[in-house]
Amino acid sequence: MLTPAQLSRIDPAHLPRHIAVITDGNGRWAKRRRLPRVMGHRAGAKAVEELVSNCRQLEIEALTLYSFSSENWNRPQIEIEALMALLDEHLVKEIDRMERENIRFNTIGCIQALPELVQEKIASAKDRTRKNNGMVLTLALSYGAREEIVEAARRLALRVQAREVRVEEINEQLFAGSLDTADLPDPDLLIRTSGELRISNFLLWQVAYTEFYFTDVLWPDFGGQHLLDALLSYQQRQRRFGFTPEQLDCGD
Ligand code: IPE
Ligand code: IPE
Ligand code: MG
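Residues numbered from 1 in each chain as written. Chains lettered and ligands numbered in written order. Predicted model: local features only at pLDDT ≥ 70, side-chain atom pairs only at ≥ 80, totals over all residues. Heavy atoms only, no water.

**Q** Honestly, the packing of aromatic side chains in this entry has me stumped. Any pointers?
**A** Given two aromatic rings, their pairing is described by the distance between the two centres and the angle made by the two planes. Taken as a whole, this structure holds eight aromatic pairs when the rule is applied. On the numbers, 4.2 Å between centres and 10° between planes, the contact of Y66 with F202 is stacked. Placement of the pair is Y66 in strand 2 (residues 62-69) and F202 in the loop between strand 5 (189-192) and strand 6 (211-214), with a sequence separation of 136 residues. Of the two residues, Y66 and F202, both sit in the buried class. Here F68 and W73 contribute two aromatic rings whose centre-to-centre distance is 4.8 Å and whose plane-to-plane angle is 75°, an arrangement assigned as edge-to-face. With a relative accessible area of 3%, F68 lands in the buried category. Residue classification places W73 among the partly exposed residues on the basis of a relative accessible area of 30%. Three or more aromatic residues joined by ring pairs make a cluster, and in this case those are Y66, Y143 and F202. (Phe/Tyr/Trp six-rings, centres within 6.5 Å; stacked < 30°, edge-to-face > 60°. Helix = DSSP H or I, 4+ residues; strand = E, 2+ residues; numbered from the N terminus. Buried < 20%, exposed > 50% of the residue type's maximum accessible area, 1.4 Å probe, protein only.)

Here it is, written out as C-alpha cells:
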C-alpha cells in the first residue's frame, strides 16, 4: 500500500490509464544472493502482488505485465517448469483477491501453448472475474508481439476471404481491433526494470506513443516507492503526439 504522504506527491488527474511492465531481473536478483533462479521468480511474484495492490489503490484502469515471452520457451526445461508451477500457484492464490478487489483478469499471448492445468486456472480466473470493472490485469503469457501482429493480419485476411471486410476498409483501427489487446487502451507508460534498454518483442504496435521508463532496480526489489518514481517521471513529461508545445498550450 502507498502511504498518504506518497499519494500526496502524485497528481491524480494525470495518472496513466494503462501501465505496462517488463518485469525483468529475477534471475540476477537470485544470483546476487547465491540462490537458484527460481527463488528470484518467487520473489518476483511477490513484487507483482504488491504492484497490483498499488495500482488498484491508485485506480489505474489497466495493468499489463510481461510474465513469459514466446522466446522464454528457449530457457532450460527446469526453469520453464518452475515458472509454470509458480504461475499455477499464483493464479490460485490471487483469484480471491481479484474477486474481492474488483479486478478483471485477462491474458494476451498463446495460452494454448501453456500446460493444460495452467490453462484451466486461467479460464477459471477469467470466468470468475469477468464482471469486475475496477481494473483489468493482463498477463502476457507465451506472448510475442510479432506473432500477435502476424496473427492479426491472418485474422483480417480470413475476414476479407469471407467477404466480411473489403481490403479498402483495412485501417489502423480495424488492425488494432484484430490484436489480442483489442479491448485495451494503448499503454501510456511502459516500465522496464533491471537496466535493460530494450523492448524484447513486447507490445510493438501498442507502444507507438507510450512513455518509457527504465530503471536499474531488479524486479523483485520493485516496490511502491519505485512505482511512485516512475509515475512522477511520467507526470513531468509533455506528450506531444507530433504537435508543437505551443499548440498544446503549455509551452514557454
Ligand atoms: C524476468 O526475469 C522473468 C522472466 C523472464 C520469466 P529474468 O528471469 O529474465 O531475470 P534475468 O534477466 O535473468 O535477471
Ligand atoms: C523479457 O525478459 C520477458 C519477461 C520479462 C518475461 P527477458 O529477460 O526474457 O528478455 P531478454 O531476453 O533479456 O531480452
Ligand atoms: Mg531477463
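**Q** Is there a simple way to explain the site of ligand 2 in this structure?
**A** Every residue near ligand 2 is listed here: I22, T23, D24, Y66, S67, F68, N72, R75, R192, R198 and S200. Here an oxygen atom of ligand 2 sits 3.3 Å away from a polar atom, N or O, in the side chain of R75. In this structure, R198 approaches ligand 2 through a side-chain N or O atom, which is 2.7 Å from an oxygen atom. Calculation on ligand 2 without its partners gives an accessible area of 390 Å², and the protein chains cover 77% of this total. The biggest single contributor to the shell around ligand 2 is strand 2, with three residues. Taken together, the residues of the shell around ligand 2 sort by class into three nonpolar, four polar and four charged. (Near = heavy atom within 4 Å. Polar contact = N/O pair within 3.5 Å; in protein donor to acceptor, adjacent residues only side chain to side chain. Areas by Shrake-Rupley, 256 points an atom, 1.4 Å probe, with all protein chains shown as cover. Nonpolar A, V, L, I, M, F, W, Y, C, P; charged D, E, K, R; others polar.)

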